[in-house]
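Secondary and tertiary structure notes
Listed below, chain by chain, are the residues.
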Amino acid sequence: MVRMSICRVLPLLVFSLLLVSCSKKYKIEGNSSVTSLDGKMLYLKSFQGEDWVTVDSAEVVHGLFSMKGAADTVRMVTLYMDNDGIMPLVLENGTVKITISNTELLAEGTPLNDALYEFIEKRNAMELQLGELERKEARMVLDGIKLEDVQGELAQEKEKLMSEMNAYVKDFIIANYENVLGPSVFMMMCSTLPYPIMTSQIEDIIRTAPSVFKEDAFVKDFLSKAKENMKLIEEQKRLQENTQMTAQQK
């Protein structure tokens, strides 16, 4: 009797463990009002090594599309149509609702996607404020005010906005050091630079970063290249100073 009960219980325990291990799944429910997307294939792609690898795909039918699969690991992916990236999102356990329109791109319904798109919305609002300052400058010049006076008047306001935006981005990265959002937003920020370089903002972020953040493959590669470039810049600066000193001595 004892042997029989153990034989019956063990398969149940194994089955329960399998259920637990397979319970994490992602589901994407997409809605598009962009008519040109109808009938098109959309792809979820993850950047691995040096290539974009397709994770999942779906056809847009009457403005709707859906995908689902295992979410064993949380990762950043990008929604693509053909070779064009449409929007980033986090592939994590739960249901992600995607909205695509001519005026909005939104992924919501899971914790990290909610955080990511709240960040994107707020940062976009700050970008709009900066854009409005540039339009204000143009209007003032057209009204006959000297460009020097206009720039002097708006410089402080622009500097304040830039400082607020940089601080917001830095604080968001710091708050998400240990999940996929921290490294991903860090790399988005760094992609605006002409080439990898250590800025004061980057140094502030790295100064308190835990090893899990600095050991991220993309972050690690960027920092390595940035430090190499800084050495080259310093060497070039020293050469220029030596050349100037030699010229002055003559």
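The model shown is predicted, which means the values in this text are computed figures rather than measured ones. Numbers given to residues run from 1 along each chain, matching the order in which its sequence is written. With pLDDT at 70 or above as the cut-off, local features in this predicted model cover only qualifying residues; side-chain atom pairs require 80 or more to be listed or tallied, and sums for whole chains, interfaces and linings still use all residues. Values shown for side chains rest on all heavy atoms present in the structure; no hydrogens or waters enter the calculation.

**What to know about the sheet that holds strand S5 (residues 75-81)**
Put simply, the rule reads: A pair of strands counts as paired when DSSP detects no fewer than two bridges linking them. Under the scheme used here, helices are H or I runs from DSSP no shorter than 4 residues and strands are E runs no shorter than 2 residues, and both carry numbers assigned from the N terminus. Think of each axis as a best-fit line through the C-alpha atoms, taken over the contacting stretch in the case of a helix, with angles from 0 to 180 degrees between the N-to-C directions. Contacts were defined at the residue level, with two residues in contact if any of their heavy atoms lie within 4.5 Å.
The 4 strands are arranged S3-S2-S5-S6 in an open sheet whose pairing can be described as antiparallel. Every interior strand has two partners, whereas the edge strands, strand S3 (51-59) and strand S6 (84-91), have only one. Between one strand and the next, the sheet's axes are offset by a mean angle of 30°, whatever the strand orientation. Along the sheet, helix H2 (residues 111-142) contacts S5 and S6; its crossing angle with S6, the most-contacted strand, is approximately 130°.

**Quick word on the sheet that holds strand S4 (residues 64-70)**
Strands belonging to one sheet form pairs held by backbone hydrogen bonds; the direction of such a pair is parallel or antiparallel. Reading across from one edge, S4-S1-S7-S8 is the order of the 4 strands in this open sheet, with mixed pairing throughout. One side of each edge strand has no neighbouring strand; the edge strands of this open sheet are S4 and strand S8 (105-108). Going across the sheet, the axis of each strand differs from the next one's by a mean of 15°, ignoring polarity. Packed on one face of the sheet, H2 meets strand S7 (94-100) and S8 and runs near 150° to S8.

**A look at the packing of helix H4 (residues 181-190) against helix H7 (residues 217-249)**
Condition: Two helices that cross are described as forming a left-handed crossing if the nearer one is turned anticlockwise from the farther one by less than a right angle, and a right-handed crossing if clockwise. Residues were grouped as follows: Ala, Val, Leu, Ile, Met, Phe, Trp, Tyr, Cys and Pro as nonpolar; Asp, Glu, Lys and Arg as charged; and all remaining residues, including Gly, as polar.
One way to put it is that H4 packs onto H7 with a least axis distance of 9 Å and a crossing angle of 35°. Crossing hand, H4 versus H7: left-handed. Facing Pro183, Phe186, Met187 and Cys190 of H4, the residues of H7 in contact are Phe218, Val219, Phe222 and Leu223. Grouping the amino acids of the contact of H4 with H7 by side-chain chemistry returns 8 nonpolar, no polar and no charged.

**Re the confidence of the model for the chain**
Counted only if it meets this: Each residue carries a pLDDT value, the predictor's own confidence for that position, ranging from 0 to 100.
Counting all residues, the mean pLDDT for the chain is 87, and 91% of those residues have values of 70 or more. At the level of individual helices and strands, the chain shows its lowest average pLDDT in helix H1 (residues 2-21), which scores 46, and its highest in S7, which scores 97. Across residues 12-21, where pLDDT falls below 50, the model places 1 contact with residues more than four positions away in sequence or in other chains.

**Things to note about the packing of aromatic side chains**
Cut-off, in case you're wondering: Here is the rule: rings of Phe, Tyr and Trp (six-membered ring for Trp) pair when centre to centre is within 6.5 Å. Planes less than 30 degrees apart are stacked, more than 60 are edge-to-face, and the remainder are tilted. Burial classes follow relative accessibility: with a 1.4 Å probe on protein chains only, a residue under 20% of its type's maximum area counts as buried, one over 50% as exposed, and anything between as partly exposed. We call a charge positioned above a ring when the Lys NZ or Arg CZ atom is no farther than 6 Å from the ring centre and deviates by at most 35 degrees from the ring normal.
Taken as a whole, this structure holds 8 aromatic pairs when the rule is applied. With 5.1 Å between their ring centres and 65° between their planes, Phe47 and Trp52 make a pair best called edge-to-face. For Trp52, a relative accessible area of 40% translates into the label partly exposed. Every member of this aromatic cluster is reached through a ring pair, and the members are Phe47, Trp52, Tyr80 and Phe218. Just above the ring of Tyr43 sits the side chain of Lys45; from NZ or CZ to the centre is 5.9 Å.

**Observations concerning the layout of surface pockets**
Using the following cut-off: A cavity, in this analysis, means grid points on a 1 Å lattice covering only the protein atoms where a 1.4 Å probe fits yet has no way out; a pocket is instead an open set bounded by protein on both sides within 12 Å along at least five of seven lines, and a residue lines either one if it has an atom within 4 Å of a point. Grid points are joined across faces, edges and corners, and a volume is the space filled by probe spheres set on the points.
One number sums up the size of the largest pocket: a volume of about 800 Å³. In this structure, the largest pocket is lined by 28 residues; those nearest its centre are Phe47, Pro183, Ser184, Met187 and Phe218. Elements that contribute at least two residues to the lining of the largest pocket include exactly strand S2 (41-48), S5, H4 and H7. Residue composition of the lining of the largest pocket, grouped by class: 17 nonpolar, 6 polar and 5 charged. Of the pockets and cavities examined, the second largest pocket occupies roughly 450 Å³. Arg123, Val169, Met189, Thr192 and Gln201 are, among the 21 residues lining the second largest pocket, the residues nearest its centre. For the lining of the second largest pocket, the secondary-structure elements that each account for two or more residues are H2, helix H3 (147-175), H4 and helix H5 (200-207). Of the residues belonging to the lining of the second largest pocket, the class tally is 11 nonpolar, 7 polar and 3 charged.

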